[in-house]
Protein chains: 6
Amino acid sequence: MAVPMAVMQSLMQKPISLLLKDNTVLEGVLESYDDYMNIVITNTEEITETNKRKLGTVILRGSNVVRISQK
Amino acid sequence: MAVPMAVMQSLMQKPISLLLKDNTVLEGVLESYDDYMNIVITNTEEITETNKRKLGTVILRGSNVVRISQK
Amino acid sequence: MAVPMAVMQSLMQKPISLLLKDNTVLEGVLESYDDYMNIVITNTEEITETNKRKLGTVILRGSNVVRISQK
Amino acid sequence: MAVPMAVMQSLMQKPISLLLKDNTVLEGVLESYDDYMNIVITNTEEITETNKRKLGTVILRGSNVVRISQK
Amino acid sequence: MAVPMAVMQSLMQKPISLLLKDNTVLEGVLESYDDYMNIVITNTEEITETNKRKLGTVILRGSNVVRISQK
Amino acid sequence: MAVPMAVMQSLMQKPISLLLKDNTVLEGVLESYDDYMNIVITNTEEITETNKRKLGTVILRGSNVVRISQK
């Protein structure tokens, strides 16, 4: 019965998959997050329906994150 | 006259159906939630108009959740 | 000159009509709400341009509610 | 140099025009508002590109209001 | 290294250009703002791809403002 | 394991690339930011699929920022 932020904590330094509001999927390693679900991921790869692109380290604003799961 | 968070509490460990902003429906078991309606569901299945897909355990950011009901 | 939350209070246990961000209309009985305008409605019916569907009791996240009026 | 909420206050009981996020225009009399710009308007008329419709008294959630002006 | 709100302050009573979420551009004079970036502009002109229209004084809800710059 | 705001701090006065909710990319120098991820960038260039345009100094509201990375 881990609360959402405890599940986030359990994903630290692990490969995650993120769905953003615009349907982009980002894959990378969860480097950090804060109370607003702002997130830093490293080795980020952006996956759209037609494309795959390396983005390095990115900061994501929490309000645009739809869902997060372990990869 | 249960307030919204009390109704959430009554759904704990039960199968729920979630409608997200992008019209995706997720079905799964409500594992936890917090004050922002961030939600953890397990045994998640994503149901779109054309597809059905298993997602395992996912963290959902509350701001992208439209509605929640017991399945 | 009732403030918005006082008008919400006056609608308790009454049939209401809700417009959501995705243009869906929900009709049902206002069971409860909180400060974020998260809302519980019972006997919910979802009305889209092409469809009408019973949803039972649903929890709505306030941020996706556009407007509320008595039915 | 009136701050936004002081300008809101000056519009109380006056006819206003509201643009919502979905491009709907609502016209009516400003009955009340709160700190989140949740708004109650009376004698509401909804104006879309193709239609005009009376809505009576409605509660609007602030986050879906784009702009407000005196009519 | 002025923080965002200090830059806002420096634009007071000056002509500004605002991009809204729906891609509308508003031009006018910055009359006031608050901590949520709710904004009052005067002598407002709405500029869409196909149209230009005078709006007078308008209150904008901060959450629908994308960017602000001096005109 | 730097938290998101610490990574923001490390980008101060550096060239960054910003993706906004409407898929516009802005490139410029990070001048300042605040707790809501409101951002000031200078020497801003707006890059859309079909266009490139100089915007000078702009204030961005945090809620419309999707992701930030060093250029």
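Description of the structure in this document. Nothing here was measured: the structure is a model prediction, and the numbers come from that model.

A word on the relation of the copies chain A and chain B
Then comes step 1: When chain A is fitted to chain B, the residual RMSD is 0.0 Å, and the transformation amounts to a turn of 60° plus an axial shift of 0.0 Å. With respect to symmetry, the two chain copies, as superposed, fit the operation of a six-fold axis. Rotation axis and chain A: the residue whose C-alpha lies nearest the axis is A:Ser63, separated from it by 6.8 Å.
Then comes step 2: The share of interface residues of chain A whose copies in chain B are also at the interface is only 11%, consistent with the copies meeting through different surfaces.

Digging into the pairing of strand β2 (residues 25-33) of chain C
Residues and elements named next belong to chain C.
Then comes step 1: Counting buried residues in β2 gives 7 out of 9 residues, a clear majority hidden from the surface.
Then comes step 2: Direction of pairing for strand β1 (residues 15-20) relative to β2: antiparallel, over a ladder of 5 bridges. Within β2, the position partnered with Ser 17 by the bridge is Glu 27.
Then comes step 3: Count of turn residues in the β1/β2 antiparallel hairpin: 4 residues, of which Asn 23 carries a positive phi of about 70°.
Then comes step 4: Pairing between β2 and strand β3 (residues 39-47): 7 bridges, direction antiparallel. By the bridge assignment for β3, Tyr 33 is matched with Ile 39.
Then comes step 5: Turn length for the β2-β3 hairpin, with the two strands adjacent in sequence and antiparallel, is 5 residues, and the turn residue Met 37 shows positive phi of about 65°.

Let's talk about the interface of chain B and chain C
Then comes step 1: In this complex, chain B contributes 19 residues to the contact, which on the side of chain C involves 23 residues.
Then comes step 2: Summing both sides of the interface, chain B and chain C together bury roughly 1,600 Å²; the carbon and sulfur share of this comes to 57%.
Then comes step 3: At the junction of chain B and chain C, the tally comes to 1 salt bridge.
Then comes step 4: C:Glu46 serves as the salt-bridge partner of B:Arg67, at 3.1 Å between the closest nitrogen and oxygen.
Then comes step 5: Linking chain B with chain C are 7 residue pairs in polar contact (both at pLDDT 80 or more), by the criterion used here.
Then comes step 6: Ranked by residues supplied to the side of chain B that touches chain C, first place goes to strand β5 (residues 65-70) of chain B with 5 residues.

What counts, and at which threshold
- Residues numbered from 1 in each chain as written.
- Chains lettered and ligands numbered in written order.
- Predicted model: local features only at pLDDT ≥ 70, side-chain atom pairs only at ≥ 80, totals over all residues.
- Heavy atoms only, no water.
- Least-squares fit on C-alpha atoms with pLDDT ≥ 70 in both.
- Contact = heavy atoms within 4.5 Å.
- Buried < 20%, exposed > 50% of the residue type's maximum accessible area, 1.4 Å probe, protein only.
- Helix = DSSP H or I, 4+ residues; strand = E, 2+ residues; numbered from the N terminus.
- Pairing = 2+ DSSP bridges.
- Buried area = accessible area lost by both parts, 1.4 Å probe.
- Salt bridge = Lys/Arg side-chain N within 4 Å of Asp/Glu carboxyl O.
- Polar contact = N/O pair within 3.5 Å; in protein donor to acceptor, adjacent residues only side chain to side chain.

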